[in-house]
Amino acid sequence: MDLKVFYLLAALVACFCLDPAIAQELIYPIREELQENTLIGNIPKDLNISHTNAVTGASANLVYRLVSKPGDNPLLRVLSNTGEIFTTSNRIDRERLCPGPSYEENECSFEIEVVILPNDYFRLIKIKIIVKDTNDNAPMFPSPVINISIPENSLINSFAIPTATDPDTGFNSVQHYELLNGQNSFALDIVETPDGEKWPQLIVQQNLDREQKDTYVMKIKVEDGGSPQKSSTAILQVTVTDVNDNRPVFKESQMEVHIPENSPVGTSVVQLQATDADIGSNAEIKYLFSTQVSPATKRLFALNSTTGLITVQQPLDREETAIHKLSVLASDGSQSSARATVTINVTDVNDNPPNIDLRYIISPINGTVYLSEKDPINTKIALLTVSDKDTDVNGKVICFLEKDVPFHLKAVYDNQYLLETSSLLDYEGTKEYIFKIVASDSGKPSLNQTALVRVRLEDENDNPPIFSQPVIELSVMENNKRGLFLTTISATDEDSGKNAEIVYQLGPNASFFDLDRKTGVLTASRVFDREDQERFLFTVTARDNGTPPLQSQAAVIITVQDENDNSPKFTHNHFQFFVSENLPKYSTVGVITVTDADAGENAAVTLSILNDNENFILDAYSGVIKSNVSFDREQQSSYTFDVKAVDNGRPPCSSSAKVTINVIDVNDNTPVVIYPPSNTSFKLVPFSAIPGSVVAEVFAVDSDTGMNAELKYTIVSGNNKGLFRIDPVTGNITLEEKPDNTAVGLHRLVVNISDLGYPRSLHTLVLVFLYVNDTVGNATYIQDLIRRTMETPLDRNIADSSKTYQGGDNLTIMIAVLAGAMVVIVVIFVTVLVRCRHTSKFKAAQRKKQGAEWMSPIQENKQNKKKKRKKRKSPKNSLLNFVTIEETKPDDPIHEPINGTISLPTELEEQGISRFDWNVVPTTTFKPSSPDLARHYKSASPQSAFHLKADTPVSGKKHHIIQELPLDNTFVGGCDTLSKRSSTSSDHFSASECSSQGGFKTKGSLHTRQATTGQPDMSHSDV
């Protein structure tokens, strides 16, 4: 098979197998004469091109590039990043782009090509711009003055007027002629040809007489149909001549001929024939071109004026003008001529070789395209547009490469090809390619054209450095010297030259090391401390000097070995542990924590106790401390000793710490009643007492600490009428309402004192007796009444029975008064009778008088009475007198202490009231070592609960003490006074000390009176 035929078939197959994903077309119709930077279109929007990779979803940076030749003045420009098309400063002129006659609105166009890069997104876009006409040209006559000769004998007839021309098309071309100043002799007619041309004809409307007027001057106006409308005028001058009444007639008024474009000069084209009916000189016909024939056509063809033969006058070129239209006139010398139209079609001859328009996508440098050896396959180099001015087979062009090179042509349109790489390039194999692109047509003989392409490859740095070891492991002792050599790191590069020059660099986390950039020597820049950092892990980078540089990394692992340079370290210099008292022996009381920053044997620590007297046992390895004693906070509240830690290093290191074991209180002590001092004491509540005033007070202490020593006071029995109220914190008993006659008598209040201990609260009971009356008539009787009430169960009210006792007491008093009066009378009488008797009888009478005075209230002088009245005016809220009765007859069964246990009802037992042993009298000896006010005193009694106590017997010498207590019953010492009754709560870990001096501080004097033996004692206290 002929090689040329093979390439022709290959080109035809490529034309029909274009890749629509690569080659696409766009058509934009525009108006000519657009302003600069006018938007024509948007390529990605009009072709629906996405800027996102459909596979990866990543954003693609597409580049739009206009394919043009160097030195071109493009009419359009394309924004590389957006693909928008704009006009440039070069004016788009349709008449300039498409010169010559034009009859179709959209037949003037030009094309541009745009490529989309990079290669992964490559597309070739062919854009056809259809330039639509704008009315930018006015129609013009061939000459500003038109001369026409008309014979004088011409009747109504028409005469041709030279037509006007307009480069615009359609409605923008010539549309209307108008005759101005026709002088009623002439009119204008327009004849439209089949081609759409409008020919003006001058119509003679009346007979002309040359002898009368031989010249007519008028104006003719021509207009186009554009908007805005354009027009021009010419002077039409008509000359009246003599008559030649027959005009020539063509044998054929329309003729069409074909002639090859390579016809030589002188070749006959067509023979015109015209006849004239006249004879003689009027029958002599002369052939000439009409004014409609362009000068260019007149240069190409010659018309024999005598024979009418049209011949080739200059070489024809179909590619320049394929069709020529000639309007020929046949004139016999008269003003009336015949017209014939000759259409000459110039046929094609294969006289033009193909044209190769090579436009580079990769800009060449001095005619050479530079490619990198790493460029991928199908890298686009240039866009080829081949064309042939010939037609049909003569215009069919195929393209191919002359040599076997790693490039190929890819057809994208019928006449366009992409030059791209067909395989990977290797600089080491071939550094430069020079080849030709051949374009050949299919004419007979075939013509071809070649284009030379020069491609030079650039070497790339495609080999990174390689380490001999990807992981480098080293070990070094801590406390090293600065600048210690560690190792030499090396890497190799298969490239050469600068691409093989390697520099080394440390990665992050390598501040303790130095690395020589050229030699790779690694040294220590600091002193290592294994306790701060035991292991260093960093990277070393080897980078060549290529462009761009390539690099690789190796991991470096450096382990720091330990030295025994750290002593054991306790987590605390002073360990404090808190344990509850009564903890069993060998219980765990705490754990000592010690660390050693060293490693291995250097960090193995052994513990020991230095000075403990074997109270505790310490595990040498775990640090667990166990008790070797049973704790009692009241005996010892804390233990302190030292511990020592020694490691197994060589030499060993040691350290010590202090340990304190604090014993936390357990609620194992019941409250101890301090006030009232006896369960048989009573307090007088006069009718003058006002509500809210303090009538009695209860005070107790607890040997425990913290919440275990916080006390609460409540009245659990004896206050059924709600006459009294006790403060739960201070223990002060106040009067709730003013007493009336129904409240007269003895009241027994059962007060429960409980602590707030956890998990079990302890409590005790105390009896408070309040005697409601104006005065204490007979204290002994009241004391006897109190003793009798001891037999009454605590849940019963004794107020009603006390009234009975009071009534009996009043009767006894009345009897005593009467008896006293009688005694006084008898004494006076006896005194008068025995005044003269001896002294012994007189003394006996005096002793009887003293006995009578003991049975009656104490009589004082008026001054004392005034003083007592002043005392009655003391503040209403002052404490009432508390009367204490001390008996001296232990053998008298009436004055014996009450023994036994008081049975409580179930209701009171549920309220937490315990049973009491009246035989037990707790001591009230206090230790000045309690940490807060509520714990000022520690009981020396081992008893676990308080009991109600009876009167304490006194010495054999009887006496009565009436003690008037002050507003504040002060406990002398360094702590808060007992009268405040408030205790500051503290936790189990607080410790405070207080020294006190026992006893109560009293205001006022103690009134004592001693009676003779054998007579009853009675004390009085006025309120």
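Just above sits the structure.
The following paragraphs examine the structure supplied in this document. Worth saying up front: this structure is predicted, and the values here are computed from it rather than measured.

Spatially, 3 strands are ordered β52-β56-β55 in an open sheet, and the strand pairing comes out antiparallel. The sheet is open, and its two edges are formed by β52 (694-697) and β55 (724-726), each paired on a single side. Across the sheet, the mean angle separating the axes of adjacent strands is 25° when strand polarity is ignored. In the sheet, β52 pairs with strand β56 (residues 732-735) via 3 bridges, with the strands oriented antiparallel. Its bridge partner lying in β56, glutamate 697 is registered against asparagine 732.

Read across the sheet, 4 strands follow the order β42-β49-β48-β45 without closing on themselves; strand pairing throughout is mixed. Edge positions in the sheet fall to β42 (574-580) and β45 (605-609), since each of these pairs with one other strand and no more. Sheet twist, expressed as the mean angle between neighbouring strand axes with direction ignored, is 25°. Relative to strand β49 (residues 654-664), strand β48 (residues 638-647) runs antiparallel, the two sharing 9 bridges. Bridge pairing in β49 places lysine 644 opposite serine 656.

For the rest of this paragraph, the subject is the pattern of salt bridges. Across all of its chains, the model carries 18 salt bridges by this definition. Note that arginine 633 and aspartate 665 form a salt bridge whose closest N and O atoms lie 3.1 Å from each other. Placement of the pair is arginine 633 in the loop between β47 (624-627) and β48 and aspartate 665 in the loop between β49 and β50 (672-675), with a sequence separation of 32 residues. As far as the burial class goes, arginine 633 and aspartate 665 line up, both buried. Several salt bridges share partner residues, and in doing so they unite Arg530, Glu531, Glu534 and Asp562 into one network.

Attention now moves to the environment of arginine 725. Position of arginine 725 among the secondary structure elements: in strand β55. Considered as a pair, arginine 725 and isoleucine 715 are 10 residues apart in the sequence and their alpha carbons are 7.6 Å apart. With near-sequence residues (within four places) excluded, arginine 725 lies in contact with Ile715, Asn732, Ile733, Thr734 and Glu736.

Quick look at the packing of aromatic side chains now. According to the stated counting rule, one finds 17 aromatic pairs in the structure shown. Relative to phenylalanine 435, the ring of phenylalanine 407 lies with its centre 5.2 Å away and its plane at 25°, an arrangement referred to as stacked. Taken together, the residues span a long stretch of sequence, with phenylalanine 407 in strand β28 (residues 407-413) and phenylalanine 435 in strand β30 (residues 432-441) at a distance of 28 residues. Owing to a relative accessible area of 1%, phenylalanine 435 belongs among the buried residues under this scheme. Taken together, the aromatic side chains of Phe512, Phe513, Phe528, Phe536 and Phe538 make up a single cluster linked through ring pairs. Over the ring of tyrosine 413 we find lysine 126, and its NZ or CZ is 4.2 Å from the ring centre. In this structure, arginine 339 is placed above the aromatic ring of tryptophan 199, and the distance from its NZ or CZ to the ring centre is 4.8 Å.

The next point concerns the state of the cysteines. Taken as a whole, this structure holds 1 disulfide when the rule is applied. Bridging cysteine 98 to cysteine 108, the disulfide has an S-S length of 2.0 Å. Looking down the S-S bond of the cysteine 98 and cysteine 108 bridge, the torsion is 90°, so its handedness is right-handed. With a gap of 10 residues between them, cysteine 98 in the loop between α3 (94-97) and β6 (109-117) and cysteine 108 in the loop between α3 and β6 connect regions that are remote in the sequence.

This part takes up a nonpolar patch on the surface. Side chains of Val826, Phe829, Val830 and Leu833 sit close together on the surface and give an oily, nonpolar patch of about 390 Å² of accessible area. The residue phenylalanine 829 is located in helix α6 (residues 799-833) in this model. With relative accessibility at 54%, the residue phenylalanine 829 sits in the exposed group.

What counts as what
- Residues numbered from 1 in each chain as written.
- Predicted model: local features only at pLDDT ≥ 70, side-chain atom pairs only at ≥ 80, totals over all residues.
- Heavy atoms only, no water.
- Pairing = 2+ DSSP bridges.
- Helix = DSSP H or I, 4+ residues; strand = E, 2+ residues; numbered from the N terminus.
- Axes fitted to C-alpha atoms, helices over the stretch in contact; angles between N-to-C directions.
- Salt bridge = Lys/Arg side-chain N within 4 Å of Asp/Glu carboxyl O.
- Buried < 20%, exposed > 50% of the residue type's maximum accessible area, 1.4 Å probe, protein only.
- Contact = heavy atoms within 4.5 Å.
- Phe/Tyr/Trp six-rings, centres within 6.5 Å; stacked < 30°, edge-to-face > 60°.
- Lys NZ or Arg CZ within 6 Å of the ring centre and 35° of its normal.
- Disulfide = S-S within 2.5 Å.
- Patch = residues over 30% accessible without salt bridge, like charges linked within 9 Å, V, L, I, M, F, W, Y side chains within 5 Å.
- Areas by Shrake-Rupley, 256 points an atom, 1.4 Å probe, with all protein chains shown as cover.

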